[in-house]
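Descriptive structure summary
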Amino acid sequence: MSRVGQIIDTEQDIELWQQECIECIVPPDFVPEVILVTELHEDIRAKEKAAHLIGSVALGAALEIDSDSTEKSVESLYDALRLATVGNDQARRVVESNVSTDVIERTIKTGHVMKPLPLHVSSEGKIHQYGQRLDSIQANSLSYASDNPVMRARTEAEVTNSYRLEELNRTGQLEDYNFVVISKAEDLPEYGFFTDTMSCSIQVVSKDEAGQLTQESAFVAGKNSVDGELHIDQTVATLGDRVGVDYAGKTAAEIIGMPLLVRKKKMPNGVIDFVKFVDDCAGGTFFGENRPASDYLEYQKDCYAREASFQPKIQTIAEELITRSEEISTPLAATKLLSRISGKHMVEHAISDTTINPYVFGMVSAGYIEQARQAQMVGDVQNINHFMGLAKKHEQSSSCPSADKSTVGNNEDELGLSFSKDEDEYGSLSFKCRKGHNNRRPKGKLIENCQVCRESVRC
């Protein structure tokens, strides 16, 4: 009943009038398509938990981890390596998962959709990734984020998001919504950002009808081309305008700290639908770049196939990582060792896989990779090995941008690691010539000819 023309002079009348106005504007069955998570009641509890963790790490307090009664939590790659060396199959899978993510993030900086990653929810409601609790992963990141305020702000936002995700899952919000985080790159190559593309990571966590949580990630370029102007700031601002969220003028860390809940019916295909939305907000790009558009779902399948082609290298890297795990004694050293081994092997892979941009390994290494590719085209095995060794020596690739600069690049002095006994910066010390003769060279030196038949080897 309308109250127009009626006298409103009591508190009860005012309350009834306010309620009628609200119902006129927002019907009782109204369900928003997009929700800014920071406006939800659940966000209060998530921020409190994040603040506690951030404060504990700042004070140097140990993080209290209460493992499930049915399984032991693996809190770092270091833990997984220790268990894998004694034949623990689950730990081996954790190592392989870490390697797989590293390889993809190290070599493909834009125009890619990663295969979905299942997330495990414990009986206590804690979310695990690769067998590691999210709060444990974030605590490790916080430990190395104090020297740069930009990286510190990003890391703290990511910490809060991990708790937000757990709270939203606990309260049932993920039954109808997907959790979306937009993470723009920083102009900080020393921390592992690939500034040629200034790529933006789109991360989506969804929940299926069986209650399984899945994380998807896609990489969209922040520039139309390598030499083009940065468009991602305007793109994200436009995106915000369309969903009713003010992203304009916000830092990358602030935007990370403003995740969205998007109705599932708006994203039936998950992260790839959000990539399409981003491209539309950018004025019609394809994964942020000015290049011919493809069918998004077919392109996603191609991305999955490309990841599958990396599997042999992933297994090789995982095996070497486990074998060399006796060289490390801390979680940080485990991450450094992974970076060292993965960078070396992916240089080898990039020589054959010309879809990999050689500049992800740094300008100097890229030049040697291109020379090795030319040598491979004409079957010049000696020069392939020669330039491959130089490319490995100078490679400066990185996977996920890290708050710890020492994990960016693979200079041995920075990593605090040593080469294995049978290799150096040029590769293996033992090798065969084209006729099958065994050769061994001094560490740090190349030889020109086979030690048996004197045929040129130049490796």
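Counting from 1, residues in each chain are numbered in the order their sequence is written. Note on the predicted model: pLDDT of at least 70 is required for a residue's local features to be given, and 80 or more for side-chain atom pairs to be given and counted; whole-chain, interface and lining totals, by contrast, use all residues. With hydrogens and water excluded, all non-hydrogen atoms of the structure serve as input to the side-chain values.

Let's talk about the environment of S365
A run of H or I in DSSP becomes a helix once it reaches four residues, and a run of E becomes a strand once it reaches two; helices and strands are each numbered from the N terminus. Turning to its location among the elements, S365 is positioned in helix α13 (residues 363-377). Each C-alpha atom of the pair S365 and G389 lies 9.7 Å from the other, and the pair is 24 residues apart in sequence. With near-sequence residues (within four places) excluded, S365 lies in contact with V347, A391, H394 and E395. Contacts are residue-level and defined by heavy atoms, with any inter-residue pair within 4.5 Å sufficient.

Overview of the nonpolar core
As used here, the term nonpolar core means buried Ala, Val, Leu, Ile, Met, Phe, Trp, Tyr and Cys residues forming a set that is joined through side-chain atoms within 4.5 Å. We call a residue buried when its accessible area falls under 20% of the maximum for its residue type, exposed when it is over 50%, and partly exposed in between, using a 1.4 Å probe and counting protein chains only. Among the nonpolar cores identified, the biggest contains 43 residues, and L81, V95, V99, L321 and F361 are the most heavily contacted of them. Those elements giving two or more residues to this core turn out to be α3 (77-84), α4 (89-107), α11 (311-323), α12 (331-352), α13 and α14 (381-394). The element contributing the most residues to this core is α12, with nine residues. In terms of nonpolar packing, the next biggest core, distinct from the first, is built from 30 residues, V113, V236, M258 and V278 among them.

A look at the side chain of D279
By secondary structure assignment, the location of D279 is in helix α9 (residues 271-281). We define a polar contact as two N or O atoms separated by no more than 3.5 Å, with the added condition that, inside protein, one atom must be a possible hydrogen donor and the other a possible acceptor, whereas residues neighbouring each other in sequence contribute only through side-chain atom pairs. One polar contact links D279 to Y296, side chain to side chain, over a distance of 2.6 Å.

Side note on the confidence of the model for the protein
The pLDDT score gives, residue by residue, the confidence of the prediction method on a 0 to 100 scale. In the predicted model, the protein carries a mean pLDDT of 84, and 82% of its residues have values of at least 70. Averaged pLDDT values for the elements of the protein fall to 44 in helix α15 (residues 412-415) and rise to 98 in strand β6 (residues 177-183). Every residue in residues 1-5 scores below 50 in pLDDT, and together they form six contacts with partners more than four places removed in sequence or on other chains. Predicted confidence is poor over residues 65-71, with pLDDT under 50, and the contacts of this stretch with residues over four places away or in other chains come to 14 contacts.

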